Every structure is written in C-alpha cells, then in structure tokens.
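# Examining the three-dimensional arrangement
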Amino acid sequence: HAVDSMSHPEFRGSVSGRRGLFALTAGLFFDLYGRKDDLIFIYGFPGERHYRLGKILLNYTRIPNSLLYFSWQAGSLKNKLRLFKGKLGLVRGNDPVLDDLALRMKDYYPFAVLRDSSFMNWRYEQHPTASYQIFTFNSFLRRKIKGFMVVRLESGLATIVDMFLPPDQGVIIDFLARACARLEDMGAERVRTWLPDNHFQTGALRSLGIEPENEPLGIIPASVASDFHPEISHKAGMRELFYTMADGDLV
C-alpha cells in the first residue's frame, strides 16, 4: 500500500513528516521493489494530509475515478426482491468456488486485485481483529456462484467491504435486496459501501435511487505516478482500476 493505514496510529503520530517512519519505509520499498519486473501498480487510500505529504515525497497522484460513498436503510430494498431468481449462501475465504468465480469474472474486472481463495483467505479469514461474512449469490440448481459480497457488521451498521459481481443489473439488485434483508434480520439498521464512480456496480445502486453522500473518512484514492509494468501505462492503470475497501483496511 502506498499509504500508512496499516501502521499503528501511535507510531504514525510520533514519527511523521518528511523524515517519518512511513515516508522512509516507502522510499526504501520503492528503491528495492519499484522495478518493472517486481511491480505492476501501486495505489492506496490516504487522507488529505497524507496525500499532500505523499505528493511531495513519494510522487502520489489522484486516481481520476472518484470514490463514492453510499448509505441506505437496511430494509429499504425489500420491494426489489424477485422470486426464484437466486438464493443467498455463505462461504469461507478458502473455498475453491472463489477460484472458479475469479476465472469467470476476469473479463469484467480486467485491472483489479485477483479475488481468489488465496486473497480472500488472507484478507478476511486470517484477519487478526475484524470479523467478516462472505455472502454468495447462487442459482437454485447449481453450486456455481454468480458473485459474492463481503460484509462487516458492527453496532447496527453493515459495511459492504467488497462486491464481486457480473455486469448484470438484475443479479446485482436481487443480491443486494436479499443480502440487506438478511442483514436487517441480523440487526443491521443501515448499510454502507464505497465504490469507484465509473463502475457498473455504482450504476446499479443509482438505479435503485441510492445516491452518493458526503464521504465521511476523507479518502483520496491515489497511486504512485510511475510505470512499473512494461505493458501498462500509469494513466491506463488509473483509468481501468477497480478498487473497493477490500484493497485497504480502513473499515
């Protein structure tokens, strides 16, 4: 990550600035690994202060696809349920069905972290402090899943940390409606998520009348302005990148 969201807040506060621990560590990381044979693309989610510092010291640049924040009442999508279109399931992060899904979705997400079982197990199952649930959307007759949604539920607030779905608005809407109904039964009052503004998932939310609100954390999606991969320009990478809060550890 090109940000310090993964370092302990007490250390960030005591060793900040131009010669701070994060800036020194990031600079050394780029020196050692910032070569075309080692890296494809570096990005992260700094706040305004850290973005300004990173722009000066580490060549940060804003990702042009804005991050949008959505929030809605958990029970507000019940009228969008469609009978016999699909059913909810639950999987663990190491389930091999996630590998099959990752292969089938590669054309829809051409530039994104590979959300296979290896990543999902590391990101969610092995998380030392947070607890997540991975909902799947299944057909009634086949075990092959159509997509998944990762949710963290705390104190009546359900955060959709990640969604990995095909560009089928009907599937997205039905999955959201079923998942939100389940979350309401589990005690959620509101649901929230973050998505890039140029993605088909964002379009599906807006088609439901859910419009973006003021982003509460001050996140600025940013990348390091260098071409690390010989076949991908930095501009193309920023334009095509799909990211969610799964790519960080902010919520």
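Attention now moves to the overall build of the protein. Check the secondary structure of the protein and you find eight helices and nine strands. Principal-axis analysis of the C-alpha atoms places the extent of the protein at approximately 60 × 40 × 35 Å. Residue pairs in contact within the protein that sit at least 24 positions apart in sequence constitute 77% of those at least 6 positions apart. Summed over all atoms, the accessible surface of the protein reaches about 12,900 Å², with 51% contributed by carbon and sulfur. If the 31 positive side-chain charges of the protein are averaged to one point and the 28 negative ones to another, these points end up 3 Å apart.

So, on to the sheet that holds strand E7 (residues 157-164). Taken together, six strands build an open sheet; the order of strands is E3-E8-E7-E6-E5-E4 and the sheet is mixed. Strands at the two margins of the open sheet, each flanked by one partner only, are strand E3 (67-73) and strand E4 (87-91). Taken over all neighbouring pairs, the strand axes of this sheet differ in orientation by 30° on average, direction set aside. The strands that helix H6 (residues 169-185) touches are E3, E4, strand E5 (133-138), strand E6 (145-154), E7 and strand E8 (190-196); relative to E5, the one it contacts most, it runs at about 135°.

The next thing to look at is the pattern of salt bridges. Within the structure shown, the criterion is met by eleven salt bridges. Two residues, Arg 92 and Glu 125, come together in a salt bridge whose shortest N-O distance is 3.0 Å. Highlighted residues: Arg 92 in the loop between E4 and helix H4 (97-105) and Glu 125 in helix H5 (residues 117-125), separated in sequence by 33 residues. Judged by its relative accessible area of 54%, Arg 92 falls in the exposed class. A relative accessible area of 26% means that Glu 125 is categorised as partly exposed. Measuring nitrogen to oxygen at the nearest pair gives 2.7 Å for the salt bridge that ties Arg 115 to Asp 162. Of this pair, Arg 115 sits in the loop between H4 and H5 while Asp 162 sits in strand E7; the two residues are 47 residues apart in sequence, bridging distant segments of the chain. An identical accessibility class is assigned to Arg 115 and Asp 162; each is buried. One continuous salt-bridge network, built from bridges that share partners, spans Glu 48, Arg 52 and Arg 62.

Considering the arrangement of structural elements, one finds Leu 103 in helix H4. With eleven residues separating them along the chain, Leu 103 and Leu 114 place their C-alpha atoms 9.1 Å apart.

Here we come to H5. Along H5, the positions that sit buried rather than exposed are Ser 117, Phe 119, Met 120, Arg 123 and Tyr 124. All buried residues of H5 project into a common sector of 155° when viewed along the axis, lining one side. Within H5, the exposed residues directed more than 90 degrees away from the buried face are Ser 118 and Trp 122. Elements in contact with the buried residues of H5: H4, E5, E6 and E7.

Here we come to the side chain of His 199. Counting through the fold element by element, His 199 comes out in the loop between E8 and helix H7 (200-207). In terms of polar contacts, His 199 uses its side chain to reach the backbone amide nitrogen of Gln 201, at 3.2 Å. When neighbours within four sequence positions are excluded, His 199 is seen to be in contact with Tyr 109 and Phe 242.

So, on to unusual backbone geometry. Even without glycine at this site, Asn 59 takes up a positive phi of about 65°. Tracing the backbone shows Asn 59 in the loop between helix H3 (48-57) and strand E2 (60-62). A relative accessible area of 40% means that Asn 59 is categorised as partly exposed. One non-glycine residue with positive phi stands out, namely Ser 155, at about 50°.

A separate point is the nonpolar core. Formed by 63 residues in total, the largest nonpolar core has its most connected members in Trp 72 and Leu 176. No other element matches the nine residues that H6 contributes to this core.

As a further point, take the sheet that holds strand E1 (residues 43-44). Paired through backbone hydrogen bonds, the strands of a sheet run either parallel or antiparallel to each other. Spatial strand order, E1-E9-E2: three strands in an open sheet with antiparallel pairing. Bordering the open sheet on either side are E1 and E2, each of which pairs with just one other strand. Sheet analysis places E2 next to strand E9 (residues 222-224), joined by three bridges and oriented antiparallel. Counterpart to Arg 62 in the pairing with E9 is Ala 222. Along the sheet face, H3 touches E2 and E9 and points at about 125° away from the line of E2.

What counts and how
Residues numbered from 1 in each chain as written. Predicted model: local features only at pLDDT ≥ 70, side-chain atom pairs only at ≥ 80, totals over all residues. Heavy atoms only, no water. Helix = DSSP H or I, 4+ residues; strand = E, 2+ residues; numbered from the N terminus. Contact = heavy atoms within 4.5 Å. Areas by Shrake-Rupley, 256 points an atom, 1.4 Å probe, with all protein chains shown as cover. Lys, Arg positive; Asp, Glu negative; His and termini not counted. Charge placed at Lys NZ, Arg CZ, Asp CG, Glu CD. Pairing = 2+ DSSP bridges. Axes fitted to C-alpha atoms, helices over the stretch in contact; angles between N-to-C directions. Salt bridge = Lys/Arg side-chain N within 4 Å of Asp/Glu carboxyl O. Buried < 20%, exposed > 50% of the residue type's maximum accessible area, 1.4 Å probe, protein only. Arc of directions from axis to C-beta. Polar contact = N/O pair within 3.5 Å; in protein donor to acceptor, adjacent residues only side chain to side chain. Core = buried A, V, L, I, M, F, W, Y, C linked by side-chain atoms within 4.5 Å.

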